[in-house]
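# Residue-level structure breakdown
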Amino acid sequence: MDDGKIVQLYWDRDEQAVPATADKYGNYCASIARNILGSQEDAEECVNDTYLCAWNSMPPHRPKILSVFLGKLTRNVSLNRYKYDTAEKRGGGEVPVVLDEIAELVSGTDSVEREVDRGELVSAIDTFLKRLPADRRSMFVCRYWYFDSVSSIASRFGMTENHVSVTLNRLRFKLRHDLLERGFDL
């Protein structure tokens, strides 16, 4: 079923919207949740919560790209679950490693959030990513948006894990340099 029909099912409040979504995007959402949480059971719960969020969001929202909409919902639900789990001294997945890697871009303080309009920062990062070759941009997004492991990225792009790690390190360095040149206080 195409995305437009699935969205219309949500708008019509047709209960077939959820099974249609699960058939088309269940694996995609589960992959995002598993990468963040490191647990199949927690990932399944988050995917179900994603479907509930989608049901509650449509209407009034009519997503233009359903996969992006569901991916963002899954990511947010999973990160909230991760925060809950780590508050309880549980957790796993790629989140701690990815956050450690990105920490070198932003200091441990909230200075970026306080001093720089978030929209400007997002725009600067988008501009940086648009200038990258497609494969490098995809690697960056896989790692820092979808929380894919270095080994899965290496497999996907036909590279060694070391090559992926070095490439991601260089991209983080370039992004940091680019943000500093634009006047962001990191």
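Scroll up to find the structure this text is about.
Definitions and cut-offs
Numbering of residues begins from 1 in every chain and follows the order in which that chain's sequence is written. Per-residue local features of the predicted model are confined to residues with pLDDT of at least 70, and side-chain atom pairs are confined, for both listing and counting, to 80 or more; whole-chain, interface and lining totals are unaffected and use all residues. Remark: hydrogens and water are excluded; side-chain values derive from all non-hydrogen atoms of the structure. Only DSSP runs of H or I reaching four residues or more are called helices, and only runs of E reaching two or more are called strands; each is numbered from the N terminus. Burial status follows relative accessibility: with a 1.4 Å probe on protein chains alone, a residue under 20% of its type maximum counts as buried, one over 50% as exposed, and anything between as partly exposed. Contact between two residues is taken to exist if any of their heavy atoms lie within 4.5 Å; hydrogens are not considered. Under the pairing criterion, centres of Phe, Tyr and Trp rings, with the six-membered ring standing for Trp, must be within 6.5 Å; the plane angle then separates stacked pairs below 30 degrees from edge-to-face pairs above 60, leaving the rest tilted. Pairs of N or O atoms are called polar contacts if they sit within 3.5 Å, as long as, within protein, a hydrogen donor faces a hydrogen acceptor (for residues adjacent in sequence, only side-chain-to-side-chain pairs).

## A word on the environment of A43
If you trace the backbone, A43 turns up in helix α3 (residues 40–57). Owing to a relative accessible area of 0%, A43 belongs among the buried residues under this scheme. Spatially, the C-alpha atoms of A43 and A30 are 5.9 Å apart, while their sequence positions differ by 13 residues. Apart from residues no more than four positions distant in its own chain, A43 is found in contact with A30, A33, R34 and L37.

## Considering the packing of aromatic side chains
The tally for this structure, following the rule as stated, stands at 4 aromatic pairs. Relative to Y28, the ring of Y25 has its centre 6.3 Å away and its plane inclined at 65°; by these criteria the two rings are edge-to-face. Pair noted here: Y25 and Y28 are both in helix α2 (residues 17–37), with a separation of 3 residues, about one helical turn. Exposure remark for Y25: the relative accessible area of 10% places this residue in the buried category. Using a relative accessible area of 28% as the deciding quantity, one classes Y28 as partly exposed. Look at F140 and Y144: their rings are 4.9 Å apart centre to centre, the planes differ by 55°, and that puts the pair in the tilted class.

## Observations concerning the environment of R172
Structurally, the position occupied by R172 is in helix α10 (residues 161–181). Between the C-alpha atoms of R172 and E101, which are 71 residues apart in sequence, the distance is 8.3 Å. Reaching out from R172, the side chain makes a polar contact with the side chain of Y144 at a distance of 2.5 Å.

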